[in-house]
Amino acid sequence: LGIAPTGGGKTSSLIKPSIEQAILWQNDNPDLKASVAVYDPKGELTEYAVQVAKKSNREGDLCVLSLKSQNCINPLQVNNIWDGQTSWRISGWIISAWLNFQGKSSPEPYWENQNYLLVRNLLVLLYLDKGNNVGMYDISKMLGPSSSGCFI
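In what follows, the accompanying structure is described. (Residues numbered from 1 in each chain as written. Predicted model: local features only at pLDDT ≥ 70, side-chain atom pairs only at ≥ 80, totals over all residues. Heavy atoms only, no water.)

## Quick notes on the layout of surface pockets
Gaps left between atoms are located by rolling a probe of water-molecule size over the structure's atoms.
Move 1: Reported here for the second largest pocket is a volume of approximately 370 Å³.
Move 2: Lining the second largest pocket are 13 residues, and of these Lys10, Thr11, Lys42, Glu44 and Leu45 sit closest to its centre.
Move 3: Residue assignment for the lining of the second largest pocket shows that the elements contributing at least two residues are helix 1 (10–24) and helix 2 (44–55).
Move 4: The biggest single contributor to the lining of the second largest pocket is helix 1, with four residues. (1 Å grid on protein atoms, 1.4 Å probe; cavity = no way out; pocket = protein on both sides within 12 Å on 5 of 7 lines; lining within 4 Å. Points joined across faces, edges and corners; volume = space filled by probe spheres on them. Helix = DSSP H or I, 4+ residues; strand = E, 2+ residues; numbered from the N terminus.)

## Here's the deal with the environment of Asn132
Move 1: Along the chain, Asn132 turns up in the loop between helix 4 (109–130) and helix 5 (136–146).
Move 2: According to the relative accessible area criterion, Asn132 is partly exposed, its value standing at 27%.
Move 3: A C-alpha to C-alpha distance of 6.3 Å links Asn132 and Asn79, two positions 53 residues apart in sequence.
Move 4: Discounting chain neighbours no more than four positions away, the residues touching Asn132 are Gln77, Val78, Asn79 and Tyr127. (Buried < 20%, exposed > 50% of the residue type's maximum accessible area, 1.4 Å probe, protein only. Contact = heavy atoms within 4.5 Å.)

## So, unusual backbone geometry
Backbone geometry follows two general trends: most residues other than glycine have a negative phi, and most peptide bonds adopt the trans configuration.
Move 1: Positive phi outside glycine occurs at Gln26, with the angle close to 50 degrees.
Move 2: Residue placement: Gln26 occurs in the loop between helix 1 and helix 2.
Move 3: The phi dihedral of Asn57 falls on the positive side, at around 60 degrees, and the residue is not glycine.
Move 4: Tracing the backbone shows Asn57 in the loop between helix 2 and helix 3 (86–102).

## With respect to the packing of helix 1 against helix 2
Move 1: Where helix 1 contacts helix 2, the axes come no closer than 10 Å and their chain directions differ by 35 degrees. Helix 1 and helix 2 meet at a crossing whose hand is right-handed. Facing Thr11, Ile15, Lys16, Ile19, Glu20, Ile23 and Leu24 of helix 1, the residues of helix 2 in contact are Glu44, Leu45, Tyr48, Ala49, Val52, Ala53 and Lys55.
Move 2: Classifying every residue of the contact of helix 1 with helix 2 by side-chain character gives nine nonpolar, one polar and four charged. (Axes fitted to C-alpha atoms, helices over the stretch in contact; angles between N-to-C directions. Left-handed = near helix turned anticlockwise from the far one by under 90°. Nonpolar A, V, L, I, M, F, W, Y, C, P; charged D, E, K, R; others polar.)

Interpretation note: all reported values are geometric properties and have no functional meaning in isolation.
Pasting the structure below:
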């Protein structure tokens, strides 16, 4: 656990060396090479891990999960959007991700509730139109024009 203020050197002095050490350690021995999982909301460490993996000939071991990569996940894809509280739960994930990225747009709980309603209704409309093939890209395309009063 590394705690320091912004600009304190956590990434360059702790995180990057740890990623490099994990990727390079025993990289030529398939039975002993280490594994590392990096959660990177900003995206700067992912590129670093890719560079280190290429340098150590471990590109084939690398699995980058994103909305645009060859290996991707779609947390919005559910079989039955109408099952109980599923649409509200998924809307909560989207709003939580948005708040983690942007912060709260207002201290008033009213606007947060409106965000949930907006995302949930857009999600239901998308499911009606596309079936269960709805992804974050679809939500983001609709959120921009639909959210001028809620997120700005």
